[in-house]
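Commentary on secondary and tertiary structure
Chain by chain, the residues run as shown.
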Amino acid sequence: MAETHVLFVEDDDVIREATQLALERDGFAVTAVPDGLAGLDAFRADRPDIALLDVMVPGLDGVSLCRRIRDESTVPVIMLSARADSIDVVLGLEAGADDYVTKPFDGAVLVARIRAVLRRFGHASGGRSGGGQPEPGAVGGVLVFGDLEVDTEGMEVRRGGAQVGLTPTEMRLLLEFSSAPGTVLSRDKLLERVWDYGWGGDTRVVDVHVQRLRTKIGQDRIETVRGFGYKLRA
């Protein structure tokens, strides 16, 4: 089995070298670079399986690099931030990151988060759409909600007949909602099911991804239930 290839962008020499060694000991192949421009070049040259991007790197900051990567690929991205309450966390998620880890981090925690992201990306990949009918319910693996069609086998989404491009994390989130339309799902439950968190995590991850999903499938399709969570309008 081929090694999982990690792109790691970090300007601190000590953190970059120590983290690279830790990841390699866990069986990952790592390309580690000190700035965002080198990170973009390495991404385009190597096409890694996952990218770890520090928010504050020279040349091209981590958030801008995440946007550039997301313009070209749905490869999973984890942002690294020195402050859990920093606006940089939200900016990174809005730029298309799938998760974030706060520095300083334990190597075992980082490896666990990488593997959790890769697991859900594997689960969210699929083939081609099988089509559907514009009426409520499921037809041949296609769930229909008004003008929204969710192909649960081909892992494709259409709105008004036009294909909607979702990242694997957004697809996993939509699948959770579409599997129980009208049912309120709490942020903690979504963290557990979509992000594979077995413990309480930062619910901002959920909120930002819900907002990103709304911009693609319709602002009114996912309803906020104050104090409880979100639900998909059937």
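Right above here is the structure, for reference.
1. What to know about the sheet that holds strand β5 (residues 99–102)
As summarised here, the arrangement of the 5 strands in space is β2-β1-β3-β4-β5, forming an open sheet in which the pairing is parallel. Two strands close off the open sheet at either side, each with one partner strand: β2 (29–33) and β5. Going from strand to strand, the sheet's axes swing by 20° on average, the running direction of each strand aside. Note that strand β1 (residues 5–9) and strand β3 (residues 50–54) share 4 bridges and pair parallel. Among the inter-strand pairings, V9 is bridged to a residue of β3, identified as L53.

2. Section: the pairing of strand β11 (residues 222–225)
Bridge count for β11 against strand β12 (residues 229–232) is 4 bridges, and the pairing is antiparallel. Across the sheet, the residue bridging to T224 is Y230, located in β12. Connecting β11 to the next strand, β12, in antiparallel fashion are 3 residues, including G227 with a positive phi near 85°.

3. Structural notes on the nonpolar core
The biggest cluster of nonpolar side chains holds 51 residues, and the ones touching the most others in it are L53, M79, V150 and F177. In terms of residue count, the dominant contributor to this core is helix α8 (residues 204–217) (6 residues). Those residues in contact with V150 that sit more than four places away from it in its chain are G141, V142, L143, F145, E156, V157, M171, L174, L175 and S178. Grouped together as the second largest cluster of nonpolar side chains are 16 residues, V6, F8, L80 and F105 included.

4. Here's the deal with helix α6 (residues 168–179)
Within an α-helix, residues lying three or four positions from one another point in the same direction, as the helix has 3.6 residues per turn. Taking 1.5 Å per residue as the helical rise, α6 with its 12 residues ought to reach 16 Å, and the 16 Å between its terminal C-alpha atoms agrees with that figure. In terms of burial, α6 is a largely internal element, 11 of the 12 residues being buried. Those residues of α6 that fall on the buried side of the exposure criterion are P168, T169, E170, M171, R172, L173, L174, L175, E176, F177 and S178.

5. Focus on the packing of α6 against helix α7 (residues 187–194)
Pairs of packed helices are described in terms of their axes, by the angle between the two and the distance that separates them. Relative to each other, α6 and α7 sit at 125°, their axes nearing to 10 Å. For the element pair α6 / α7, the angle class is oblique. The chirality of how α6 crosses α7 is right-handed. Of the residues in α7, those in contact with T169, R172, L173, E176 and F177 of α6 are L190, R193 and V194. Looking at side-chain class alone, the contact of α6 with α7 contains 4 nonpolar, 1 polar and 3 charged residues.

6. Focus on the side chain of D99
Examined against the element boundaries, D99 turns out to sit in strand β5. Overall, the relative accessible area of 1% leaves D99 in the buried class. A distance of 3.2 Å separates polar atoms of two side chains, one belonging to D99 and the other to R113.

7. Points about the pattern of salt bridges
Overall, the coordinates contain 18 salt bridges when judged by the stated rule. Taking the shortest distance from any N to any O, the salt bridge between E176 and R193 comes out at 3.4 Å. You can see E176 sitting in helix α6 and its partner R193 sitting in helix α7, a full 17 residues away along the chain. For E176, a relative accessible area of 16% gives the class buried. Salt bridges here are not isolated pairs; linked through shared partners, they connect E10, D54 and K103.

8. Things to note about the pairing of strand β9 (residues 156–159)
Where strand β8 (residues 148–151) meets β9, 4 bridges bridge the pair, whose relative direction is antiparallel. Of the residues in β9, the one forming a bridge with E149 is R158. What sits between β8 and β9 in their antiparallel hairpin is a turn of 4 residues, with M155 showing a positive phi close to 55°. Two strands pair when backbone bridges link them, and β9 and strand β10 (residues 162–164) are joined in this way by 3 bridges, in the antiparallel orientation. Counterpart to R158 in the pairing with β10 is Q163. Where β9 folds back on β10, the antiparallel hairpin that results is connected by 2 residues, among which G160 adopts a positive phi of roughly 60°.

Rules behind the numbers
Per chain, the residues get numbers from 1 upward, laid out in the order the sequence is written. Selection of residues for local features in this predicted model requires a pLDDT of at least 70, selection of side-chain atom pairs for listing and counting requires 80 or more, and totals for whole chains, interfaces and linings are taken over all residues. Processing note: side-chain calculations cover all non-hydrogen atoms of the structure and skip hydrogens and water entirely. Here, strands pair whenever DSSP counts at least two bridges between them. Only DSSP runs of H or I with at least four residues qualify as helices, and only runs of E with at least two residues qualify as strands; both kinds are numbered from the N terminus onward. Throughout, an axis means a line fitted to C-alpha atoms (over the contacting stretch in the case of helices), and angles, computed between N-to-C directions, take values from 0 to 180 degrees. For this analysis, a nonpolar core means a set of buried residues of the types Ala, Val, Leu, Ile, Met, Phe, Trp, Tyr and Cys, connected via side-chain atoms within 4.5 Å. Partly exposed residues are those whose accessible area sits between 20% and 50% of the maximum for their type, while under 20% is buried and over 50% is exposed, using a 1.4 Å probe and protein chains only. Contacts are residue-level and defined by heavy atoms, with any inter-residue pair within 4.5 Å sufficient. A helix is expected to span 1.5 Å multiplied by its residue count minus one. Oblique is the label for any angle not under 35 degrees, not over 145, and not in the 65 to 115 range, which are roughly parallel, roughly antiparallel and roughly perpendicular in turn. With the far helix as reference, a near helix turned anticlockwise by less than a right angle produces a left-handed crossing, and one turned clockwise produces a right-handed crossing. The classification used treats Ala, Val, Leu, Ile, Met, Phe, Trp, Tyr, Cys and Pro as nonpolar, Asp, Glu, Lys and Arg as charged, and all other residues, Gly among them, as polar. Contacts described as polar in this section are N or O atom pairs within 3.5 Å, which, within protein, must combine one atom able to donate a hydrogen with one able to accept it, while residues neighboring in sequence count only if both atoms come from side chains. When a carboxyl oxygen of Asp or Glu is within 4 Å of a side-chain nitrogen of Lys or Arg, the pair counts as a salt bridge.

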